[in-house]
Amino acid sequence: MRGKATILVDVSMIILLMLLMAFERIGRTAHEWLGMGMLVLFVCHHGLNRRWYKQLLRGKYPPLRILQTVLAALVFLTMLGTFVSAVLISRRVFAFLPIRSGRALGRTLHMLCTDWGFVVLSLHLGFHWKAMLGRGKRSRRPGLPVLGACIALYGLYGLFHRGMPGYLFLRTPFVFFDFNEPLIFFFLDYLAIMGLFVWIGHYLAKGVGKLGKRCNSRRGVEG
């Protein structure tokens, strides 16, 4: 039951994330309320994975676990920054709050945390991709690596086509949208960009995992 609830929450977060990235295309009011929905799902996600927190101070920390923990911390920090900055720049949901300053800083922080959050969340998803697909024969489908590589390649194109490096490193102060473009193309590009970082995270996890096993085997031989 918990596994199904976790999948439902995670899939819902991905859908909301896609909608939130289309900020101007869906409207400010919808964006802010969807952001509140994302906050609720984020809290639910951590509640469903509370066992992970209980294990933080237990056991050894091989390279893969260290990287997973750092990545999870970055996801938490970017999401926290996103929600805090959202309150600062809100014109609908939190308009009742007596906040009269900090909007410029809030916009910069929101843009930075949103885009980096998109990247680290995708990497985080990639680190757990094998578990999501399932182990054993079900995950050994010969077409999946080729499909994943194709999506990653298109995602690399989408990354630069959408100007995301400029947003990530604040070289571009505002996000630009083409209002004449069919919205489906926007979502396809951002799904492919997410696929790129999921692909990177998946193979990075595999590489670091193998490295950790080799180090352990060498220590065993030397011992």
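Residues numbered from 1 in each chain as written. Predicted model: local features only at pLDDT ≥ 70, side-chain atom pairs only at ≥ 80, totals over all residues. Heavy atoms only, no water.

Notes on helix α8 (residues 143-161)
Each α-helix turn comprises 3.6 residues. Residues three or four places apart therefore point the same way.
Part 1 of the reasoning: Relative to the 27 Å expected for 19 residues at 1.5 Å per residue, α8 spans 27 Å between its end C-alpha atoms, a close match to the ideal helical length.
Part 2 of the reasoning: Those residues of α8 that sit buried are Gly148, Ala152, Gly155, Gly158 and Leu159. Buried residues of α8, viewed axially, fall in a sector of 120°; they line one side. Along α8, exposed side chains directed more than 90 degrees from the buried face belong to Val146, Leu153 and Phe160.
Part 3 of the reasoning: Just beyond α8, the residue with positive phi is Gly163, at close to 70°. (Helix = DSSP H or I, 4+ residues; strand = E, 2+ residues; numbered from the N terminus. Expected span 1.5 Å × (residues − 1). Buried < 20%, exposed > 50% of the residue type's maximum accessible area, 1.4 Å probe, protein only. Arc of directions from axis to C-beta.)

Description of the layout of surface pockets
Part 1 of the reasoning: Taken as a whole, the second largest pocket spans an internal volume of roughly 920 Å³.
Part 2 of the reasoning: Together, 39 residues line the second largest pocket, and Phe23, His31, Ile89, His110 and Thr114 are the ones closest to its centre.
Part 3 of the reasoning: Broken down by secondary-structure element, the contributors of at least two residues to the lining of the second largest pocket are α1 (2-21), α2 (23-26), α3 (28-48), α5 (63-89) and α6 (103-127).
Part 4 of the reasoning: Of the residues forming the lining of the second largest pocket, the biggest block, eleven residues, is contributed by α6.
Part 5 of the reasoning: Per-class residue counts for the lining of the second largest pocket are 24 nonpolar, eight polar and seven charged. (1 Å grid on protein atoms, 1.4 Å probe; cavity = no way out; pocket = protein on both sides within 12 Å on 5 of 7 lines; lining within 4 Å. Points joined across faces, edges and corners; volume = space filled by probe spheres on them. Nonpolar A, V, L, I, M, F, W, Y, C, P; charged D, E, K, R; others polar.)

A look at the packing of α5 against α6
Helix-helix packing is characterised by the crossing angle of the two axes and by the distance between the axes.
Part 1 of the reasoning: Interhelical geometry of α5 versus α6 gives an angle of 150° and a closest axis separation of 7 Å. When the axes of α5 and α6 are compared, the pair comes out roughly antiparallel. α6 is crossed by α5, and the crossing has left-handed handedness.
Part 2 of the reasoning: Residue composition of the contact of α5 with α6, grouped by class: 17 nonpolar, ten polar and two charged. (Axes fitted to C-alpha atoms, helices over the stretch in contact; angles between N-to-C directions. Parallel < 35°, antiparallel > 145°, perpendicular 65-115°, else oblique. Left-handed = near helix turned anticlockwise from the far one by under 90°.)

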